[in-house]
Amino acid sequence: MARRPVAWVGAIVLLAEAVGIALLNWILGSVVDNQDMSLAGLDPRAMTVSTWIAGALIGGYLALCAFVMARAAARDSAPGNFGRILLISCAVVHALLGAFCVGLVGWAAFAFMMVVLGLIVLTLVAYEKKAQQALAPTAATTP
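**Q** Where do I start with the overall build of the chain in this structure?
**A** Helix and strand counts for the chain stand at four helices and zero strands. Each helix and strand of the chain, placed in order from N terminus to C terminus, yields the pattern α-α-α-α. The burial tally for the chain puts 32% of its 143 residues in the buried class. Contacts in the chain between residues far apart in sequence, at least 24 positions, make up 65% of those at least 6 positions apart. As presented, the chain carries roughly 8600 Å² of accessible surface, and 74% of it is formed by carbon and sulfur atoms.

**Q** Looking at this model, I keep getting lost on the packing of aromatic side chains. Mind explaining?
**A** The description of two aromatic rings rests on the distance between their centres and on the angle between their planes. By the definition in use, this model includes one aromatic pair. Between Trp107 and Phe110, the aromatic rings sit 5.4 Å apart at their centres with planes inclined by 85 degrees, giving edge-to-face as the arrangement. Here Trp107 and its partner Phe110 are both found in helix 4 (residues 107–141), three residues apart, which amounts to about one turn of the helix. Here Phe110 falls in the partly exposed class, since its relative accessible area comes to 25%.

**Q** Would you mind showing me how to read the side chain of Thr48 here?
**A** With respect to the helices and strands, the residue Thr48 is situated in helix 2 (residues 44–75). In this structure Thr48 comes out as buried when scored by relative accessible area, which is 0%. Non-local contacts of Thr48, meaning those with residues more than four positions away in its chain, are made with Gly29, Val32 and Asp33.

**Q** Is there a simple way to think about the state of the cysteines in this case?
**A** One way to say it: the disulfide is the covalent bond shared by the sulfur atoms of two cysteines. Going through the model one piece at a time under the given rule, you end up with zero disulfides. Of all cysteine sulfurs, the one in Cys65 lies closest to Cys90, which takes part in no disulfide; the gap is 3.8 Å.

Parameters at a glance
- Residues numbered from 1 in each chain as written.
- Predicted model: local features only at pLDDT ≥ 70, side-chain atom pairs only at ≥ 80, totals over all residues.
- Heavy atoms only, no water.
- Helix = DSSP H or I, 4+ residues; strand = E, 2+ residues; numbered from the N terminus.
- Buried < 20%, exposed > 50% of the residue type's maximum accessible area, 1.4 Å probe, protein only.
- Contact = heavy atoms within 4.5 Å.
- Areas by Shrake-Rupley, 256 points an atom, 1.4 Å probe, with all protein chains shown as cover.
- Phe/Tyr/Trp six-rings, centres within 6.5 Å; stacked < 30°, edge-to-face > 60°.
- Disulfide = S-S within 2.5 Å.

Quick look at the structure:
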């Protein structure tokens, strides 16, 4: 099965998405700062900084997910408990964002989110099956 290539592609896509999200938030924060925009009386500088912080946090989260997938691909083994929980949460986020993307952005963004979701889920399922197959002979010989 193509566990390793799927995990590598998923890691690369997640890393590109992390950079894209961080860059997008940096650009949006700069626009707000340059235009001196305000929303409901909020301080424009606070809006700028919060946008940059959000971009860094979301980008870091996606980069961490990419690292977990790349580590699974490099070792050709399932991620640990923390890594699995992280990838499951990333899959749920992509599923929800994909549902929102249909109405807000369009079908192309939905398709991208579903491809990323598929890569994450396939990585999780493929490595789980490998772990179960490795344990099956041991379980059969145990009385």
